[in-house]
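# Structural characterization, general
Take a look at the letters that make up each chain.
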Amino acid sequence: MRIESAELRILGMELVSPFETSFGRETERHCLIVRLRAEGLEGWGECAASGRPGYSYETTGTAWHMMADFFLPSVLGQELEEPGDLAPLLGAFRGHPLARAGLEMALWDLAGKRQGKPLAELLGGGRSSVPVGVSVGIQPSVEDLLKTVEGYRRKGYRRVKLKIKPGKDVVEVAAVRNAHPDLALQVDANSAYRLDDLPIFRAMESLDLLLIEQPLAEDDLVDHGKLQAQLGTPICLDESIGTVRHARQALEIGACRIINIKPGRVGGLSEAVAIHDLCLTGGTPVWCGGMLETGLGRAANLALASLPGFTLPGDISATARYYARDIALPEFVLNPDSTIDVPRGPGLGVDVVAAAVEQFTIRKESFRP
Ligand code: OSB
Ligand code: MG
């Protein structure tokens, strides 16, 4: 399949409510999307970078630069039989996994459309719906937090993740646990703590948490190992796991007992499946994280989460939790059993709404070989 042309766009999309983490507060997301054309078909991909380098060093601006100046020139006019053919073409370039993954997603969409098969099937997924939860940002007060969690519970979410940071942790999490004794509850620190903060995590041991996500620095597997050795609650790594090798080494030294797999963070769905396979073989539970994606990225996450090793609920919420108007249809809705259906159509299995894309576009460029 020869890649004939490409288009990049940055979209500015207002979140339905601000999202605050230990690295900052977002009210509007900038999303970079890529459209590839080949054999009369269109493939869409979404890069999960945001406008500012908070979660990752990448931004929509750096991803644009990598795509426009390095990745697209390596791919345009080339023959690619399958998405796996991308990695060798980009083999000379270092880093920028979020940008890579955005391009790879468009190739998966094309591959599915060409074969008339849904992405879930191409990846080896089986389930038609997957258990999901909701990620709740840091709130101004405990009352706001309780109200927000109550609202999501009423919508049907059976698993809630609370963002924490120093000064907004034990008291807040304990208040939610007291109000919801039977709720599946977990926390995400986005690397805001140090090993010295052990007493804070010890204080959370009695709150019956499913897991503690990324408490320490991204590049610090060793201290995660020391922390996990002193905690009964499983540590789950997010930012620290960029490749299947990181996953293997983290598990080998006991730095975590659970892994959050995000296709963007690991450079694409191929690497995400490799991490899943490693964990399935070793009996390590995994779940699919999210990056506040539009319906495009969410469709890919749902397909990935349909693989058998994704035994914990994903950070994959209904469209209405993120955006008033999405660029992809149909909207994702929460089923009464706190699951979301995996798309069944070819490729990503969603339709991109041209008028919505136009409405949100703040930058656009076309590329040819
Ligand atoms: O750390 O999991 C994270 C969103 C943006 C960046 C990082 C993270 C998150 C979330 C939201 O927790 C998950 C979602 O998309 O619902
Ligand atoms: Mg996280």
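Residues numbered from 1 in each chain as written. Chains lettered and ligands numbered in written order. Predicted model: local features only at pLDDT ≥ 70, side-chain atom pairs only at ≥ 80, totals over all residues. Heavy atoms only, no water.

### Looking at the overall build of the protein
Helix and strand counts for the protein come out as 12 helices and 15 strands. For 369 residues, the compact-globule formula gives about 21 Å, and the C-alpha radius of gyration of the protein, at 20 Å, lands near that figure. By principal-axis analysis of the C-alpha atoms, the protein measures approximately 60 × 40 × 35 Å. Counting across all 369 residues of the protein, residues that qualify as buried make up 57%. For the protein, the share of sequence-separated contacts (at least 6 apart) that also reach a separation of at least 24 residues comes to 73%. Entry remark: accessible area of the protein is about 14,400 Å², with carbon and sulfur atoms responsible for 51%. Considering the protein, the positive charge centre built from 39 side chains and the negative charge centre built from 48 side chains are found 2 Å apart. (Helix = DSSP H or I, 4+ residues; strand = E, 2+ residues; numbered from the N terminus. Rg over C-alpha atoms; globule rule 2.2 N^0.38 Å. Buried < 20%, exposed > 50% of the residue type's maximum accessible area, 1.4 Å probe, protein only. Contact = heavy atoms within 4.5 Å. Areas by Shrake-Rupley, 256 points an atom, 1.4 Å probe, with all protein chains shown as cover. Lys, Arg positive; Asp, Glu negative; His and termini not counted. Charge placed at Lys NZ, Arg CZ, Asp CG, Glu CD.)

### Here we look at the coordination of the magnesium ion (ligand 2)
Of the protein atoms, only Asp188 (OD), Glu213 (OE) and Asp238 (OD) coordinate the magnesium ion (ligand 2), at distances of 2.1 to 2.3 Å. Donor residues for the magnesium ion (ligand 2) sit on one chain with the sequence pattern D-x24-E-x24-D. Of the two residues, Glu213 sits in strand S8 (residues 212-213) while Asp238 sits in the loop between strand S9 (235-237) and helix H9 (244-252), which places them 25 residues apart along the sequence. Of the two residues examined, Glu213 and Asp238, each falls in the buried class. (Donors = N, O, S within 2.8 Å, 3.2 Å for Na, K, Ca; no water.)

### Here we look at the domain arrangement of the protein
Domain assignment breaks the protein into domain 1 (5-116 + 353-367) and domain 2 (121-341). Here the C-alpha centroids of domain 1 and domain 2 sit 23 Å apart. Across the contact, 35 residues belong to domain 1 and 39 residues belong to domain 2. Taking both sides of the interface into account, the surface hidden between domain 1 and domain 2 amounts to around 3,100 Å²; carbon and sulfur atoms contribute 66%. Where domain 1 touches domain 2, the interface holds one salt bridge. (Domains from an automatic or database assignment. Buried area = accessible area lost by both parts, 1.4 Å probe. Salt bridge = Lys/Arg side-chain N within 4 Å of Asp/Glu carboxyl O.)

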